[in-house]
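# Survey of secondary and tertiary structure
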Amino acid sequence: MNELPQQLANGLILGAMYGLIAIGYTMVYGIVQLINFAHGEIFMVGGFGALTVFLLLPSGVNLLYALPLMLVGAVLVSVLVGVAAERFAYRPLRGAPRLAPLITAIGLSIALQQAVWKWYPEGNKARVFPQFKGDSFTVLGATVQRGDIFVLIAAPVCMIALGFFVSRTRSGRAMQATAQDPDTAKLMGINTDRIIVLAFAIGAAFAGVAAVAYGLRTGEVQFRMGFILGLKAFTAAVLGGIGNIYGAMLGGVVLGVAEALATGYVEEIPGMQQFGGGAWKDVWAFVLLILVLLLRPQGLLGERVADRA
């Protein structure tokens, strides 16, 4: 029980990062009914974008001053790749059978991985990402690293901003209308193509923020990092209710906490010693997904945000 605050803190930090990535999945699916399996790689290129900006800055620059520029670089690269994917890979297939864009998404995912591996210097190796130096913080019995504070601040700020945008702005209401009935929205004068691009851009921007959080937490980025984290984020989106932006963040937090608790406590259960530890954390995440799908197939919240309009 002495480790419980630490495990909960680890789960909350991990879950906030999952939730930021999951929002990209859920926004795109909520509007165009597409599972963008290349979204994990959009997260990955955002991490390399942030690292590139840092390497271009003068040597010895304080990370606190460099972080805003790195964040802009990550978001910019992720958004450019996300918007380009929508325009050149998905839009031509919008009227095609659903299997076609799904295969395209998988192909785009592989292509982005290989592009970074091929053209980034030593792209096949993990690249060192800058981290904050100094002592960690102790909060309610849990140790929090300096780099983890970023995601703990960024996640709620991003969610509040997105909630305000969706519910209070003209474009946000147009996004809800497009998600609810794209044909009727088009008849009402809404440019649905622009709304779809906007959904891709917002999801990609959140992925870029998550990429910076990942780099600060782990101290590295590498071209394969988007695959597993993309699957985890998709799992979080399904847990919360695919198409629901609040459900995506909730699903991410639930998944992160469940993963942290399983890593720390499963091996303490008699007869389960071989199923504990970090090696099994991904397995328990998908076990949780299966249980939720069996007991509540629509997810924890289960309602698209568009249906609240």
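Further up the page is the structure itself.
Residues numbered from 1 in each chain as written. Predicted model: local features only at pLDDT ≥ 70, side-chain atom pairs only at ≥ 80, totals over all residues. Heavy atoms only, no water.

### Here we look at the pattern of salt bridges
The condition that has to hold: Put simply, a salt bridge is a Lys or Arg side-chain nitrogen that is within 4 Å of an Asp or Glu carboxyl oxygen. Each residue gets one of three labels from its accessible area relative to the maximum for its type: buried under 20%, exposed over 50%, partly exposed in between, using a 1.4 Å probe on protein chains only. Each helix corresponds to a stretch of at least 4 residues labelled H or I by DSSP, and each strand to a stretch of at least 2 residues labelled E; elements are numbered beginning at the N terminus.
Scanning the entire structure with this criterion turns up five salt bridges. A salt bridge links Arg 91 to Glu 86; the nearest nitrogen and oxygen atoms lie 3.1 Å apart. Judged by relative accessible area, which is 1%, Glu 86 ranks as buried. Arg 217 serves as the salt-bridge partner of Asp 148, at 3.1 Å between the closest nitrogen and oxygen. Here Arg 217 lies in helix H8 (residues 192-218) and Asp 148 lies in helix H5 (residues 148-168), a separation of 69 residues in the sequence.

### Some thoughts on the packing of helix H1 (residues 4-32) against H5
Note the threshold: As a rule, the C-alpha atoms of each element are fitted with a line to give its axis, helices using only the stretch in contact, and angles between N-to-C directions run from 0 to 180 degrees. Here a crossing is taken to be left-handed if its near helix is turned anticlockwise relative to the far helix by less than a right angle, and right-handed if that turn runs clockwise. Contact between two residues is taken to exist if any of their heavy atoms lie within 4.5 Å; hydrogens are not considered. Only Asp, Glu, Lys and Arg are considered charged, only Ala, Val, Leu, Ile, Met, Phe, Trp, Tyr, Cys and Pro nonpolar, and every remaining residue, Gly among them, polar.
Closest axis-to-axis distance for the H1/H5 pair is 9 Å, and the angle between their directions is 35 degrees. Once H1 is placed against H5, the crossing between them reads as left-handed. Contacts from Leu 12, Ile 13, Ala 16, Met 17, Leu 20, Ile 23 and Met 27 in H1 reach Asp 148, Val 151, Leu 152, Ala 155, Cys 158, Met 159 and Leu 162 in H5. Taken together, the residues of the contact of H1 with H5 sort by class into 13 nonpolar, no polar and one charged.

### A few points about H5
Inclusion rule: How far a helix is expected to stretch is found by multiplying one less than its residue total by 1.5 Å.
With 21 residues, H5 should reach 30 Å at 1.5 Å per residue; the first-to-last C-alpha distance of 30 Å fits that figure. Listed as buried for H5 are Asp 148, Phe 150, Val 151, Ala 154, Ala 155, Cys 158, Met 159, Leu 162, Gly 163 and Val 166.

On their own, these measurements won't tell you what the molecule is for.
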